[in-house]
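Coordinates in review
For reference, the chains in residue letters:
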Amino acid sequence: MNQITLSLSCCFLLIGASLTVNAQQKVWVLNQETKEPVPFATVIYADRLGTFTNEDGGFVLGKISDSLTVRSIGYKALKINTSDVKDTIWMRPEAIALDPVLIPEPSKKFSFSKVAVKTHDHFPKSYLAVAGNEIATLILGNHHATRSYLTKLKIPTNASILKVRANDKTKAKEVDEQFSSVFQLQFYENQNGQPGALLGGDPIVITITQKDAKNFEIDLSDKKINVPEEGLFVGLLAIGRADPAGNLLAENPYEERLTKQGYLRIGLAIRPLFPITEDDESSHTFMRYRFRVDGDESWSVYDKYSFSNKNIDIHRALNLGIGYELKNFE
């Protein structure tokens, strides 16, 4: 059976016919000063093609370009010739200033408010990532409160997927298959309605599996994440596939197919599906791709061109309807 997958950037890259597939080589990215692993660092081989280090700072080297670039928050970016890579890459720490997102609670009376998650079961109107895709959506603070803290997030998900019979593509069947995927949560300032500067605090790593059938809920009550009245953006970065224990697999997140023109590399889908809703509000959901050689990590509005489905109402905004709970102080 052939599996139907939908994605903003299915990340196609055609490599010359003279290129051959090299044996897999495991490499570790370490802090030059402490000798500790640098987890979830971005490793870019060529434009729109790359991978991430796992919890131990390891990744599988893909020798598909002459050089690679390694980036991680708090470290100086490093470009190195692929032929010079041995078993270890050392990264030099670099001091950076981030605006705080973790602020102590005031000692006053408080109450809770909730915004409901928005979801649906229409597969063609859902977002399916490949590694390196990041989607960010705006959540607003409570204008009646002196201070609000994010205590829960509920991300709309759909663990099922459609499959069709190879000999009868007119019949599709909804199926549930086991999967485990790693994502990273990050928070950004609301800069005139778009994601702005990255806010401080350690990135939050989450693992989503087929058990999270409809919505994935995250308890953030111990994080003390301040949400100003104008809100902040919640970013969800697709890292890669995981083993049953939730550990990121040391694999290159793409599939190689030999064609007459050379090796075609296709980004592997990182499930689950994330339902995207059409509404009459303004667009407050954005996308970007992190595997860019030029370092351009600018955001683009998530719009109708993000879908392969053409039956989209172009006059309505498309947003990821994250639900959330706020702890509001008077």
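As the structure is a computational prediction, the values presented were derived from the model and not from experiment.

1. Details of the layout of surface pockets
- By volume, the largest pocket amounts to about 830 Å³.
- If you trace the largest pocket, you find 37 residues lining it, with Ile 73, Gln 184, Gln 186, Leu 198 and Pro 203 closest to the centre.
- Looking at the lining of the largest pocket, the elements that each hand over two or more residues are strand S16 (180-191), strand S17 (194-198) and strand S18 (204-209).
- Of the residues assigned to the lining of the largest pocket, the class counts are 24 nonpolar, seven polar and six charged.

2. Digging into the pairing of strand S12 (residues 133-139)
- When you tally the buried positions in S12, you get seven out of seven residues, the bulk of the element.
- In S12, alternate side chains face the same way, and those of Asn 133, Ile 135, Thr 137 and Ile 139 on one face and Glu 134, Ala 136 and Leu 138 on the other are all buried.
- Summarising the sheet, S12 and strand S25 (residues 285-289) pair through five bridges and their orientation is antiparallel. Looking across to S25, one finds that Glu 134 is bridged to Arg 288.
- Of the strand pairs in this sheet, S12 and strand S21 (residues 232-241) are connected by six bridges, and their pairing is antiparallel. Directly across from Leu 138, in S21, lies its bridge partner Phe 233.

3. So, the sheet that holds strand S24 (residues 269-279)
- Strand order in this open sheet of three strands is S11-S24-S27, and the pairing throughout is antiparallel. With one partner strand each, in any of the chains shown, strand S11 (126-130) and strand S27 (317-320) form the two edges of the open sheet. Averaged over all adjacent pairs, the angle separating strand axes in this sheet is 40 degrees, with direction ignored.
- As judged from the four bridges shared by S11 and S24, these two strands associate in the antiparallel manner. The residue of S24 that forms the bridge with Val 130 is Ala 269.

Rules behind the numbers
Residues numbered from 1 in each chain as written. Predicted model: local features only at pLDDT ≥ 70, side-chain atom pairs only at ≥ 80, totals over all residues. Heavy atoms only, no water. 1 Å grid on protein atoms, 1.4 Å probe; cavity = no way out; pocket = protein on both sides within 12 Å on 5 of 7 lines; lining within 4 Å. Points joined across faces, edges and corners; volume = space filled by probe spheres on them. Helix = DSSP H or I, 4+ residues; strand = E, 2+ residues; numbered from the N terminus. Nonpolar A, V, L, I, M, F, W, Y, C, P; charged D, E, K, R; others polar. Buried < 20%, exposed > 50% of the residue type's maximum accessible area, 1.4 Å probe, protein only. Pairing = 2+ DSSP bridges. Axes fitted to C-alpha atoms, helices over the stretch in contact; angles between N-to-C directions.

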